[in-house]
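If you want the building blocks of each chain, they are given just below.
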Amino acid sequence: MYGWIWRHLPGNAWLRALISVVLTLAVVYVLFQYIFPWAEPLLPFNDSTVNDK
Amino acid sequence: MSVRVIVRTVSELCITLGTLLVLFVVYVLFWTGVKADTAMAHQVALLQDQWAKQPVSPTSTPGSSAAPEPPTPYKDGKPFALMYIPRLGFTWNKPVLEGTKTATLKKGLGHYANTTQLGQKGNFAVAGHRRTYGDPFKDLPKLRPGDAVVLTDGADWFTYVIDKGPYRTLPADVQVIDPVPRKSGFTRAGRYLTLTTCDPEWGHSHRLIVWGHLESTQPVEAGKPEALRR
């Protein structure tokens, strides 16, 4: 999987490494900004109220 | 497809999944706290702006309790008060927002919309996270009878004193925030305070409840109440 991505990145090894770092940061950003905030309320740490549900 | 490719791909997926889980733990334990601190600081700033704008009105002269007008309802999701609990730390103070929606509780403590307003007759009930989002009520079980919980809405200071708690109950036990809360030991109508959070610390199977009553109020011009002086 990662080998496949690496082979399809353009440029020499340095450029590929740079693109890989940027891609990784982009994935982490999307996770922290969108995916985790969505997933987190599904976990049980969040209920601090009493309610009828 | 060779066995080598399959083994390699499966291993890579496992490593990816592991990294994902570690990142998620970092998010829950650390990043929600960073976000909540920013959000709460913003809410406090909103409140202070709002209070700076409102005129210092020498309204109700002491002694004349003639027809106090009904208080304006709080706006959903907006901050209206600051809470101080000296037992949780001298610098412990959090904004209190109207409503207990998930998004609201990320920005501060949440006032149960169906309960009474600050200082009014009935039960002023507030919920807060035990863990994650800045851990506002992490140390709620440390509260003991006699501890002060001080709130201000910009015009007055309200000093509540804890009477009972921590009391552990089930999530569906809504009677703990009734005007005269069940199990609180209060028997007559009064001006009460209820704080709720989850229990155990990282779980959601139970709720932890603390009750208090209104001890005193004073206008902000009179300075900080006794409990906040050092």
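Residues numbered from 1 in each chain as written. Chains lettered and ligands numbered in written order. Predicted model: local features only at pLDDT ≥ 70, side-chain atom pairs only at ≥ 80, totals over all residues. Heavy atoms only, no water.

A. Spatial organisation of the side chain of Arg207 of chain B. Mapped onto the fold, Arg207 of chain B is located in strand E8 (residues 206–219). A distance of 3.2 Å separates the side chain of Arg207 of chain B from the backbone oxygen of His204 of chain B, its partner in a polar contact. Leave out the neighbours within four places in its chain, and Arg207 of chain B touches Asp47, Ser48, Thr49 and Val50 of chain A together with Tyr167, Arg168, Thr169, Leu170, Pro171, Thr197, Cys198 and Asp199 of chain B. (Helix = DSSP H or I, 4+ residues; strand = E, 2+ residues; numbered from the N terminus. Polar contact = N/O pair within 3.5 Å; in protein donor to acceptor, adjacent residues only side chain to side chain. Contact = heavy atoms within 4.5 Å.)

B. Inspection of the interface of chain B and chain A at higher detail. At the junction of the two partners, chain B supplies 36 residues and chain A supplies 20 residues. Buried surface at the junction of chain B and chain A, summed over both partners, amounts to about 2,500 Å²; 64% is from carbon and sulfur atoms. For the pair chain B and chain A, the number of links is 0 salt bridges. Taken together, chain B and chain A are joined by 4 residue pairs in polar contact (both at pLDDT 80 or more). Put simply, the parts of the chain that give the side of chain B that touches chain A at least two residues each are helix H1 (3–53), strand E7 (191–199) and E8 of chain B. At 11 residues, the largest contribution of residues to the side of chain B that touches chain A is made by H1 of chain B. (Buried area = accessible area lost by both parts, 1.4 Å probe. Salt bridge = Lys/Arg side-chain N within 4 Å of Asp/Glu carboxyl O.)

C. Representation of a nonpolar patch on the surface. Judged by side-chain polarity, Val22, Val25, Val26, Leu29, Phe30, Trp31 and Trp202 of chain B come together as a nonpolar surface patch covering roughly 650 Å² of accessible area. As for its position among the elements, Val22 of chain B is in helix H1. (Patch = residues over 30% accessible without salt bridge, like charges linked within 9 Å, V, L, I, M, F, W, Y side chains within 5 Å. Areas by Shrake-Rupley, 256 points an atom, 1.4 Å probe, with all protein chains shown as cover.)

D. Looking closely at the packing of aromatic side chains. What the rule picks out here adds up to 13 aromatic pairs over all chains. Linked through ring pairs, Phe32 and Phe36 of chain A together with Phe24, Tyr27, Phe30 and Trp31 of chain B together constitute an aromatic cluster. (Phe/Tyr/Trp six-rings, centres within 6.5 Å; stacked < 30°, edge-to-face > 60°.)

E. Local environment of the environment of Trp157 of chain B. Residues and elements named next belong to chain B. In this structure, Trp157 sits in strand E6 (residues 156–169). For Trp157, a relative accessible area of 8% translates into the label buried. For the pair formed by Trp157 and Val7, sequence separation is 150 residues and the distance between their alpha carbons is 66 Å. Of note is the side chain of Trp157, whose polar atom sits 3.4 Å from the backbone oxygen of Gly223. (Buried < 20%, exposed > 50% of the residue type's maximum accessible area, 1.4 Å probe, protein only.)

F. Seen up close, the side chain of Lys94 of chain B. Residue and element names in this part refer to chain B. With respect to the helices and strands, the residue Lys94 is situated in strand E2 (residues 93–98). Asp37 is the oppositely charged side chain nearest to the buried, salt-bridge-free Lys94, at an N-O distance of 5.0 Å. What Lys94 contacts, discounting residues up to four positions off in sequence, is Met40, Ala81, Leu82, Met83, Leu109 and Pro136. (Lys, Arg positive; Asp, Glu negative; His and termini not counted.)

G. Broad picture of the pattern of salt bridges. Residues and elements named next belong to chain B. Applying the stated criterion to the full structure yields 10 salt bridges over all chains. Asp199 is paired through a salt bridge with Arg168; the nearest N and O atoms lie 2.5 Å apart. In this pair, Asp199 sits in strand E7 while Arg168 sits in strand E6, placing the two residues 31 residues apart along the sequence. With a shortest N-O distance of 3.7 Å, Glu226 and Arg229 are connected by a salt bridge. Glu226 gets classed as exposed once you look at its relative accessible area, which sits at 61%.

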